[in-house]
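What follows is the residue order along each chain.
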Amino acid sequence: MKVKKLKLSILDQVPIRKGSNPTEALKETTHLASFSDQLGYTRFWVAEHHNISSLASSAPEILIAHLANHTKQIRLGSGGIMLPNHSALKMAENFRLLESLAPGRIDMGIGRAPGTDRLTASLLNPSNTFKEQDFIEQLYHLEAFFRNDHIAGTLFEKIKATPYTELIPQLWLLSSSGESALFAAHFGMKLSFAHFINGNGGYDAVREYKKQFRPSAQLKEPEANIAIFAFCSNDIEKIERNRALMDYRFIELERKGNLSPVNYDDIKDEHYNSHEKLRIEFNRKRMVFGTQEQIKSELTELAENYDVDEIMLITYTENLDDRLTSYQLISECFDL
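Rules used throughout
Residues numbered from 1 in each chain as written. Predicted model: local features only at pLDDT ≥ 70, side-chain atom pairs only at ≥ 80, totals over all residues. Heavy atoms only, no water. Helix = DSSP H or I, 4+ residues; strand = E, 2+ residues; numbered from the N terminus. Rg over C-alpha atoms; globule rule 2.2 N^0.38 Å. Buried < 20%, exposed > 50% of the residue type's maximum accessible area, 1.4 Å probe, protein only. Contact = heavy atoms within 4.5 Å. Areas by Shrake-Rupley, 256 points an atom, 1.4 Å probe, with all protein chains shown as cover. Lys, Arg positive; Asp, Glu negative; His and termini not counted. Charge placed at Lys NZ, Arg CZ, Asp CG, Glu CD. Salt bridge = Lys/Arg side-chain N within 4 Å of Asp/Glu carboxyl O. Core = buried A, V, L, I, M, F, W, Y, C linked by side-chain atoms within 4.5 Å. Pairing = 2+ DSSP bridges.

Engineer: Just to check I follow, could you spell out the overall build of the chain for this structure?
Structural biologist: Along the backbone of the chain there are twelve helices and nine strands. In terms of overall size, the chain behaves like a compact globule, its C-alpha atoms giving a radius of gyration of 20 Å where 336 residues would be expected to give roughly 20 Å. Seen through its principal axes, the chain has C-alpha atoms that stretch 65 × 45 × 40 Å. Classification of the 336 residues of the chain by burial places 54% in the buried group. Intrachain contacts of the chain at a sequence separation of at least 6 include 74% that bridge at least 24 residues. For the chain, the computed accessible surface area is about 15600 Å², with 51% contributed by carbon and sulfur atoms. Taken together, the 39 basic and 46 acidic charged side chains of the chain have centroids lying 3 Å from each other.

Structural data, given as structure tokens:
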């Protein structure tokens, strides 16, 4: 399907660059949100990660409130709130409060994965059983709190999510395997597929979501986007350096289960075994790197293959200027 007008958005994981610190990383994210607002990006989401020393994004609901004070039009949201780490009531209240602070600009992207290791997840929520049914029940509760359900004989008769707001955030379910895509279809929520996590299977997941979609009070027609790692530059050497850095980050995560801030000089002489070389080839399906012409062509093709009209971009660079330039060049490609 040919996409008429491609919308672009940003997912930021608040990376802490080598030699930097969390305070500086958060300042960079704030600047990036304001910059992307001016460039015409559709939405700016921040992630939830725990026990990862190179990321400063452990509480997206707090960061969203801060970003609302530094932006004017762009939608702000979570990519995502990892719901099993929290209570549905508390998250409903948090996002109703955010909606009150920035009416009509808040997205609640919801994930099932913990955004961390199992031990950390068990400390974040000691009652977390990691069961599918528990997550489904949380989604039912979350929707009921947002709808102000009053059902006699249930907890919703006595307990309400405050503050009361006429608007509620847009509800998105995040998926990297396809299972949550079916949940999104069942609940009538929007879907964001994490192509940056899983470069295979996304087409089928989005297609099945649209096929199985059941309209809800908030959403009458299915709506989906995808997220992918991206970097754009007119400097071929920078593209190659950044691609090599991403190759290393993926392998390091598979080796150690964690990420450390590194620069190109730290990894330029890295040697990979035969299995890791295959993994690098596979992982490159999760990213789009290139010049403006290459980026426009590849993102357009990706959107057409997925049959979506929005792509979220995640960009890691050695310095802030390259990250800002990449987002600006891509915005120019699509006349945002």
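After that view, the rundown keeps rolling.
Engineer: What is the right way to look at the pattern of salt bridges in this model?
Structural biologist: Following the criterion strictly, the structure yields 23 salt bridges and no others. Between Glu24 and Lys27 there is a salt bridge; the shortest N-O distance is 3.6 Å. Placement of the pair is Glu24 and Lys27 together in helix α1 (residues 22-39), with a separation of three residues, close to one helical turn. Under the relative-accessibility criterion, Glu24 is labelled partly exposed at 33%. Note that Glu310 is salt-bridged to Arg43, the shortest N-O span being 2.6 Å. Separated by 267 residues along the polypeptide, Glu310 in strand β9 (residues 310-314) and Arg43 in strand β2 (residues 43-46) bring together distant segments of the chain. Looking at Arg43, the relative accessible area reads 2%, which means it is buried.

Engineer: Where do I start with the nonpolar core in this structure?
Structural biologist: As a rule of thumb, nonpolar side chains are buried together in soluble globular proteins. Counting 76 residues, the largest nonpolar core has Leu299, Ile311 and Ile330 as the members making the most contacts within it. Ranked by residue count, the leading element in this core is helix α5 (residues 132-147), at seven residues. Counting 20 residues, the second-largest nonpolar core is a separate cluster that includes Ala47, Ala227, Ile239 and Met246.

Engineer: Honestly, the side chain of Ser180 in this entry has me stumped. Any pointers?
Structural biologist: Following the sequence through the fold, Ser180 ends up in helix α6 (residues 179-187). With relative accessibility at 7%, the residue Ser180 sits in the buried group.

Engineer: Help me understand the pairing of β9 in this model?
Structural biologist: Consecutive side chains along a regular strand alternate between the two faces of the sheet. With five of five residues buried, β9 is to be regarded as a mostly interior element. Side chains Glu310, Met312 and Ile314 of β9 all project onto a buried face; the interleaved residues Ile311 and Leu313 project onto the opposite face, where all are buried too. Pairing of strand β1 (residues 7-12) with β9 involves four bridges; the strand directions are parallel. The residue of β9 that forms the bridge with Ile10 is Leu313.

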